[in-house]
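Geometric and topological summary
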Amino acid sequence: MSHLIDAVKNRYTTKAFDSSRLLTEAQLADIKTLLQFSPSSVNSQPWHFIIATTESGKQKIAKSTENYGFNTPKILNASAVVALCTKTTLDDGYLQSLLNQEQKDGRISDEASKQAIATGRAFFVGMHNNELKDCQHWMDKQVYLALGTLLLGAAVMGIDACPIEGFDASALNHELGLRDKGYGATVLVALGYRSPTDFNANLPKSRLAQTTIFTEI
Ligand SMILES: Cc1cc2nc3c(=O)[nH]c(=O)nc-3n(C[C@H](O)[C@H](O)[C@H](O)COP(=O)(O)O)c2cc1C
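Looking only at helices and strands, the protein chain has ten helices and four strands in total. Element order for the protein chain, N to C, with α for helix and β for strand: α-α-β-α-α-β-α-α-α-β-α-α-β-α. By principal-axis analysis of the C-alpha atoms, the protein chain measures approximately 60 × 50 × 35 Å. Relative to its full complement of 217 residues, the protein chain shows a buried share of 41%. Within the protein chain, residue pairs in contact and separated by at least 24 positions form 79% of the contacts whose partners lie at least 6 positions apart. Working note: accessible area of the protein chain is about 12500 Å², and carbon and sulfur atoms make up 54% of it. Looking at charge distribution, the protein chain has the averaged site of its 21 positive side-chain charges lying 4 Å from that of its 22 negative ones.

Here we come to the sheet that holds strand 3 (residues 160-164). In spatial order, the strands read 1-2-4-3; together these four strands make up an open sheet with antiparallel pairing. Of all strands in the sheet, those with a lone pairing partner are strand 1 (47-52) and strand 3, marking the two edges. Along the sheet, successive strands turn relative to each other by an average axial angle of 25°, direction set aside. In the packing of helix 3 (residues 55-62) onto the sheet, the strands contacted are strand 1, strand 2 (80-87) and strand 4 (183-192), and the crossing angle to strand 1 comes to about 120°.

The subject of this paragraph is the nonpolar core. Ranked by size, the top nonpolar core spans 21 residues in total, and within it Leu23, Leu35, Leu84, Val189 and Leu191 carry the most contacts. Among the secondary structure elements, those contributing two or more residues to this core are helix 2 (25-36), strand 1, strand 2, helix 7 (135-157) and strand 4. Considering each element in turn, this core owes the most residues, six residues, to helix 7. Contacts of Val189, omitting those with residues within four sequence positions, involve Ala80, Val81, Val82, Leu84, Leu147, Leu150, Leu151, Ala161, Cys162 and Pro163. One finds Ala78, Ala83, Leu176 and Ala185 within the second-largest nonpolar core, a separate group that totals 19 residues.

To continue, consider a nonpolar patch on the surface. Where nonpolar side chains cluster on the molecular surface, the patch consists of Leu4, Ile5, Val8, Leu152 and Val156 and spans about 360 Å² of accessible area. A per-element tally of the nonpolar patch places helix 1 (residues 3-10) first, with three residues. A relative accessible area of 33% places Val156 in the partly exposed class.

This part is about the site of the ligand. Near the ligand you find 15 residues, and of these Arg11, Thr13, Lys74, Lys205 and Arg207 are the closest. Between a nitrogen atom of the ligand and a main-chain N or O atom of Pro163, the distance comes to 3.3 Å. Taken by itself the ligand offers 620 Å² of open surface, and the protein chains cover 68% of this. Looking at the shell around the ligand, the elements with two or more residues in it are helix 7 and strand 3. Residue contributions to the shell around the ligand peak at three residues, all from strand 3. Residue classes in the shell around the ligand are distributed as six nonpolar, three polar and six charged.

It is worth spelling out the side chain of Asp134 at this point. As for its position among the elements, Asp134 is in the loop between helix 6 (111-131) and helix 7. For the buried Asp134, which has no salt bridge, the nearest side chain bearing the opposite charge is Lys141, at an N-O separation of 5.0 Å. Engagement of the side chain of Asp134 in a polar contact is seen with the side chain of His128, the distance being 2.6 Å.

Attention now moves to the pairing of strand 2. The buried count for strand 2 comes to eight of eight residues, which makes it a mostly enclosed element. Summarising the sheet, strand 2 and strand 4 pair through eight bridges and their orientation is antiparallel. Its bridge partner lying in strand 4, Leu84 is registered against Val187.

Going through the model one piece at a time under the given rule, you end up with four salt bridges. For Lys58, the salt bridge is made with Glu55, and the minimal N-O distance between the two is 3.9 Å. In this pair, Lys58 and Glu55 both sit in helix 3, three residues apart, roughly one turn of the helix. For Lys58, a relative accessible area of 3% gives the class buried.

The rules we used
- Residues numbered from 1 in each chain as written.
- Predicted model: local features only at pLDDT ≥ 70, side-chain atom pairs only at ≥ 80, totals over all residues.
- Heavy atoms only, no water.
- Helix = DSSP H or I, 4+ residues; strand = E, 2+ residues; numbered from the N terminus.
- Buried < 20%, exposed > 50% of the residue type's maximum accessible area, 1.4 Å probe, protein only.
- Contact = heavy atoms within 4.5 Å.
- Areas by Shrake-Rupley, 256 points an atom, 1.4 Å probe, with all protein chains shown as cover.
- Lys, Arg positive; Asp, Glu negative; His and termini not counted.
- Charge placed at Lys NZ, Arg CZ, Asp CG, Glu CD.
- Pairing = 2+ DSSP bridges.
- Axes fitted to C-alpha atoms, helices over the stretch in contact; angles between N-to-C directions.
- Core = buried A, V, L, I, M, F, W, Y, C linked by side-chain atoms within 4.5 Å.
- Patch = residues over 30% accessible without salt bridge, like charges linked within 9 Å, V, L, I, M, F, W, Y side chains within 5 Å.
- Salt bridge = Lys/Arg side-chain N within 4 Å of Asp/Glu carboxyl O.
- Near = heavy atom within 4 Å.
- Polar contact = N/O pair within 3.5 Å; in protein donor to acceptor, adjacent residues only side chain to side chain.
- Nonpolar A, V, L, I, M, F, W, Y, C, P; charged D, E, K, R; others polar.

Structure representation (structure tokens):
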């Protein structure tokens, strides 16, 4: 079995973390790279990531789990907690900054290709902004790709993780002043190492059968 398939089968949602085991700076750097390099539609990258490794940072995030008490200890005992946030708008200034970055990174050879990229991106952004009117939802979907990248990457790195939707996004937005910065919290991930008391570590995984979820044509 390849390392990747091993990791996919062995990863699991960690329900109790060992607060004495911390991620290294190198691991945190790799986690940032995983998030930075996650793909997104038209390379829109409509995200921002808050990474809490300090007690005070984790306490701030934990406040948003007041009504989800089962998640509070995961946040407080994890080594790092990532709040994956979604931008609130995709405006012209931001689209221009994406284009500038692509130019800086050497993806744009001439004015014609720059225009083509800008037009292509504006088409999709315009469609979601003006016709489908689901731009926020579309951006959230991109953030969930980053969530998948992070969970898979953590598993390959041998880091335990707990994805968390059980938190009050409005409360966290308020606590961290996120709306004023142009984004809002979408989903959390607690990262670190399992506690020996984690009941979930030894339970078998459960998934629907491949005959149910796949159709080959
Ligand atoms: C987007 C998302 C949100 C989740 N939210 C929570 C949560 O708030 N608390 C929790 O304990 N588990 C949470 N989970 C874990 C799921 O219950 C878990 O992934 C699922 O049961 C499959 O188990 P596995 O991750 O161990 O393979 C979440 C998972 C995902 C993908």
